[in-house]
Amino acid sequence: MSLLRVSGLTKKFGGLTALDAVDLEVRPGQIRGLIGPNGSGKTTFFNVVCGIFPPNTGSIEFKGEQITGLGPHRICARGLARTFQEVQLMYDMTVLENAMIGVHRLSRAGVVDAVLRLPWVVREEEMIEQKARDCLSFVGLPEDLEQELARNISYGHQRLLDIARCLAGDPDLLLLDEPTAGMNKTETEHLMDLIRRIQGRGTSVLLVEHDMHLIMNVCEVISCLNHGVKIADDKPGEIQADEQVIEAYLGSQRSKELSR
């Protein structure tokens, strides 16, 4: 059974075909990688799956339901969360408040309920705050940072906060777009462990990453895009030896030298 099934996904921007009939599947509990040179269509793939861009053709199924063409908020409400290449936070809100935003899809209270402060609303607010704290702890953010403004914490901590906010909504699938960008080796090793623990809590992960050490060590299956076309789809060891993948990254001449 597939958690996410993408079939024949095509996205064009004028005369440029960013994605060309791409198929991809993520199974429940799986960590899957998506690699490719710069400009190969990886982030566009995320943007189409998450509803930021509508596809020209193709279909997207999530948990057996068609989500093709739905808006980002409706897709998020179904249990699909993502991070972006550049950290997206509410920088003038505290670390805790940013994490609490992620619990929004699980809450029921509306404006009137919040004004009336009914007992169940108070209990829900307590649940939201505790869930946010649990997620901050899970990703490894120190408790003494909870009341710091998001703009005042380090870049590595901002990356972790972005992931914590996504996890606060209990997603079934988490899309991570280059999560190690700008991180040092120690932070990258921590993230590698975090991705495995995210899988351990029952959340599937689709990972776009240029750090080959990370992606080869955490992913069970890896797909490779080049110029919007999926050129490979296999286990990490097979991907490393695939001539089309090597050529996509290094060029045809270097590929021939490596194959000798």
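Rules used throughout
- Here, residues in each chain are numbered from 1, in the same order as that chain's written sequence.
- Totals for whole chains, interfaces and linings use every residue, but because this is a predicted model, local features are given only for residues with pLDDT of at least 70 and side-chain atom pairs only at 80 or more, for both listing and counting.
- Values shown for side chains rest on all heavy atoms present in the structure; no hydrogens or waters enter the calculation.
- In this text, helices come from DSSP runs of H or I with a minimum length of four residues, and strands from runs of E with a minimum of two, each type numbered from the N-terminal end.
- We take the radius of gyration over the C-alpha atoms and set the globule estimate at 2.2 Å times the residue count to the 0.38 power.
- When a residue's accessible area, from a 1.4 Å probe over protein chains only, is under 20% of the maximum for its type it is buried; when over 50% it is exposed; and in between it is partly exposed.
- Should any heavy atoms of two residues lie within 4.5 Å, those residues are counted as being in contact.
- For every accessible area listed, the method is Shrake-Rupley and the probe measures 1.4 Å; residues are considered covered only by the protein chains on display.
- Asp and Glu count as negative and Lys and Arg as positive, but His and the ends of the chain are not part of the count.
- Every charge is mapped onto a representative atom, which is NZ of Lys, CZ of Arg, CG of Asp or CD of Glu.
- Whether two strands pair depends on DSSP finding at least two bridges between them.
- All axes here are fitted lines through C-alpha atoms, helices being fitted over the stretch that makes contact, and every angle between N-to-C directions spans 0 to 180 degrees.
- Comment on the angle field: the value is read as roughly parallel under 35 degrees, roughly antiparallel over 145, roughly perpendicular from 65 to 115, and oblique elsewhere.
- Each residue is assigned to one class: nonpolar for Ala, Val, Leu, Ile, Met, Phe, Trp, Tyr, Cys and Pro, charged for Asp, Glu, Lys and Arg, and polar for all the others, Gly among them.
- Take the buried residues of types Ala, Val, Leu, Ile, Met, Phe, Trp, Tyr and Cys, join any two whose side-chain atoms come within 4.5 Å, and each joined set is a nonpolar core.
- When a carboxyl oxygen of Asp or Glu lies within 4 Å of a side-chain nitrogen of Lys or Arg, that pair is called a salt bridge.

Colleague: How do you make sense of the overall build of the protein when you look at a structure like this?
Modeller: Secondary structure summary: the protein contains 11 helices and 10 strands in total. The C-alpha atoms of the protein give a radius of gyration of 19 Å, which matches the 18 Å a tight globule of 260 residues would have. Projected onto the principal axes, the alpha-carbon positions of the protein cover approximately 70 × 40 × 35 Å. The buried share among the 260 residues of the protein stands at 46%. Taking the intrachain contacts of the protein between residues at least 6 apart in sequence as the baseline, contacts between residues at least 24 apart amount to 67%. Carbon and sulfur atoms make up 50% of the accessible area of the protein, which amounts to about 12,500 Å² in all. Put simply, the protein has 28 plus and 36 minus side-chain charges, and the middle of one group is 4 Å from the middle of the other.

Colleague: What exactly am I supposed to notice about the sheet that holds strand β2 (residues 16–26) here?
Modeller: Backbone hydrogen bonds are what pair the strands of a sheet, in a parallel or an antiparallel way. In space, the 4 strands of this open sheet follow the order β2-β1-β4-β5, with antiparallel pairing throughout. Of all strands in the sheet, those bounded by a partner on one side alone are β2 and β5 (65–66). Both strand β4 (residues 57–62) and β5 contribute to a ladder of 2 bridges, which runs antiparallel. Residue pairing across strands places Phe62 opposite Glu65, the latter belonging to β5.

Colleague: Sorry, what's going on with the packing of helix α6 (residues 155–167) against helix α7 (residues 185–200) here?
Modeller: Helix-helix packing is characterised by the crossing angle of the two axes and by the distance between the axes. Running from amino to carboxyl end, α6 crosses α7 at an angle of 10°, the nearest separation of the two axes being 11 Å. As summarised for this structure, α6 and α7 are arranged roughly parallel, according to the angle between their axes. Two secondary-structure elements touch here, α6 through Gly156, Leu160, Ile163 and Leu167 and α7 through Glu187, His190, Leu191, Leu194 and Ile198. Of the residues contributing to the contact of α6 with α7, the split by class is 6 nonpolar, 2 polar and 1 charged.

Colleague: Quick question: what am I supposed to make of the nonpolar core here?
Modeller: With 48 residues, the main nonpolar core has Val139, Leu161, Ile163 and Leu207 as its most contacted residues. Within the second largest apolar cluster, 25 residues are counted, among which are Leu3, Leu4, Val48 and Phe62.

Colleague: How do you make sense of the pattern of salt bridges when you look at a structure like this?
Modeller: Tallied over the entire structure, the rule returns 14 salt bridges. In this structure, the salt-bridge partner of Lys63 is Asp172, at a minimum N-O distance of 2.8 Å. Taken together, the positions of Lys63 in the loop between β4 and β5 and Asp172 in the loop between α6 and β7 (173–177) put the pair 109 residues apart, joining distant regions of the chain. Looking at Lys63, the relative accessible area reads 41%, which means it is partly exposed.

Colleague: Honestly, the pairing of strand β9 (residues 221–226) in this entry has me stumped. Any pointers?
Modeller: Along a regular strand, successive side chains alternate from one face of the sheet to the other. Within β9, 6 of the 6 residues are buried, which leaves the element mostly enclosed by the surrounding structure. Residue alternation in β9 divides its side chains into two sets, Val221, Ser223 and Leu225 and Ile222, Cys224 and Asn226, and both sets are buried. Bridge count between strand β3 (residues 31–35) and β9: 4 bridges; the pairing is parallel. Bridge pairing in β9 places Arg32 opposite Val221. The sheet contact formed by β9 and strand β10 (residues 229–234) spans 5 bridges and is antiparallel. The residue of β10 that forms the bridge with Cys224 is Ala232. Between β9 and the antiparallel strand that follows it, β10, lie 2 residues; His227 among them carries a positive phi value of about 55°.

Colleague: What exactly am I supposed to notice about the environment of Thr188 here?
Modeller: Here Thr188 is to be found in helix α7. Other than its neighbours up to four places away in sequence, Thr188 contacts Thr180, Met183, Asp211 and Leu214.

Colleague: Explanation requested: the pairing of β4 in the structure shown.
Modeller: As paired strands, strand β1 (residues 4–13) and β4 are joined by 5 bridges and run antiparallel to one another. Counted as the bridge partner of Ser7 is Ser59 from β4. Counting the residues that bridge the hairpin from β4 to β5 gives 2 residues, and of these Lys63 lies at a positive phi of roughly 55°.

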